[in-house]
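# Descriptive structure summary
For reference, the chains in residue letters:
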Amino acid sequence: PPALLLTEVTKTYDGAHTALDRVSLEVQRGSFLAIMGPSGSGKSTLLHCAAGLDAPTSGEVRIGGTEISRLSETQRTRLRRSRIGFVFQSYNLLPSLTVEENITLPLRLAGTPADRKWLQGLVDRVGIADLLHRRPAELSGGQQQRAAIARSLAARPEVVFADEPTGALDLDTAAEVLDLLRELVDEFGQTVVMVTHDPYAAARAHATVVVADGRIDAYLRQPAAAELA
Ligand code: ADP
Ligand code: ADP
């Protein structure tokens, strides 16, 4: 099955406002998808429904073949912890924990035993092996985002959802973080779905979906999307 499959997903707020209108989307394993669109177009709603943070009003969401949209809140939380990774604009590392403790937190929350070999390879690959015993406040923004990316992959999730992952970074650091995401996709076969306002960021993905007014307005395969930049 595809890593992520949305079928006719509709989300209506307050029984009136339709934030998503019958959106269907298939994301293959090992692909890197960018979601773009103007403010208020439905990107966050799409991400939240796809990642099991929120339930659609109608339609189906499948993560690796498992239909998640009709799970209970508890079941969805369990599925998020074990099969989905998150990367945020503001890194969201816990300040009182070391980098290493932050990275392994999802494993502890999911009750999954740590795969030491995978974790070592991951922190080496992400370039933070020397920073494991520091606290987030002692790291630059780019280093914090690298740590957050390692955290998102610690449990080897089915899909990583990244919400404006470069929104707080300067241009050069943003480019490095995007290169890293792209390499993780290409080398590890990881699946990444990224919401971004930045056309340069979208251009690093394999494809871009443009959302407008709760619908998918365009599906661009790169490098066509690079022309937006
Ligand atoms: P984007 O992420 O593209 O800015 P959103 O998904 O946040 O768009 O919002 C899509 C539409 O749904 C907007 O019109 C927004 O005002 C509305 N919306 C989002 N969240 C809520 C909510 N919790 N309650 C009511 N309306 C909402
Ligand atoms: P925003 O994009 O609005 O600034 P964030 O990027 O911090 O907010 O978070 C996006 C959404 O994900 C929020 O609704 C938040 O409640 C939720 N969230 C934050 N951290 C986690 C987490 N570790 N696991 C699941 N959901 C989370």
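Data block above holds the structure.
In what follows, the accompanying structure is described. Treat the numbers as computed from the prediction; the structure is a model and nothing was measured.

## Points about the overall build of the protein
- Summing up its helical and strand segments, the protein has 7 helices and 10 strands in all.
- Radius of gyration (C-alpha) of the protein: 17 Å, near the 17 Å computed for a compact globule of 229 residues.
- Referenced to the eigenvectors of the C-alpha coordinate spread, the extents of the protein come out at roughly 50 × 40 × 30 Å.
- Contacts spanning at least 24 positions in sequence make up 69% of the contacts within the protein whose residues lie at least 6 apart.
- Of the accessible surface of the protein, which amounts to about 10500 Å², a share of 50% is contributed by carbon and sulfur atoms.
- A gap of 7 Å separates the mean positions of the 24 positive and 28 negative side-chain charges of the protein.

## A closer look at the sheet that holds strand β4 (residues 58-63)
- The 4 strands are arranged β2-β1-β4-β5 in an open sheet whose pairing can be described as antiparallel. Sheet topology places β2 (17-27) and β5 (66-67) at the edges, where each strand pairs with a single neighbour.
- With 5 bridges joining them, strand β1 (residues 4-13) and β4 adopt antiparallel strand pairing. In the sheet register, T10 faces β4, and the bridge partner there is S58.
- Each of β1, β2 and β4 is contacted by helix α1 (residues 43-50), which is oriented at about 125° to β1, the strand it contacts most.

## Digging into the packing of aromatic side chains
- Within this structure, the stated rule accounts for 3 aromatic pairs.
- Here the aromatic residues F86, F88 and F161 are joined through ring pairs into a cluster of three or more.
- Over the ring of W118 we find R156; its NZ or CZ atom is 3.9 Å from the centre of that ring.

## Description of unusual backbone geometry
- Even without a glycine there, the phi angle at R22 is positive, about 50°.
- Looking at the element boundaries, R22 is found in strand β2.
- Residue R22 is classed as partly exposed on the basis of its relative accessible area of 47%.
- The phi dihedral of R156 falls on the positive side, at around 50°, and the residue is not glycine.
- As for its position among the elements, R156 is in the loop between α5 (141-153) and β7 (159-163).

Scoring rules and cut-offs
Residues numbered from 1 in each chain as written. Chains lettered and ligands numbered in written order. Predicted model: local features only at pLDDT ≥ 70, side-chain atom pairs only at ≥ 80, totals over all residues. Heavy atoms only, no water. Helix = DSSP H or I, 4+ residues; strand = E, 2+ residues; numbered from the N terminus. Rg over C-alpha atoms; globule rule 2.2 N^0.38 Å. Contact = heavy atoms within 4.5 Å. Areas by Shrake-Rupley, 256 points an atom, 1.4 Å probe, with all protein chains shown as cover. Lys, Arg positive; Asp, Glu negative; His and termini not counted. Charge placed at Lys NZ, Arg CZ, Asp CG, Glu CD. Pairing = 2+ DSSP bridges. Axes fitted to C-alpha atoms, helices over the stretch in contact; angles between N-to-C directions. Phe/Tyr/Trp six-rings, centres within 6.5 Å; stacked < 30°, edge-to-face > 60°. Lys NZ or Arg CZ within 6 Å of the ring centre and 35° of its normal. Buried < 20%, exposed > 50% of the residue type's maximum accessible area, 1.4 Å probe, protein only.

None of this, on its own, says anything about what the molecule does.
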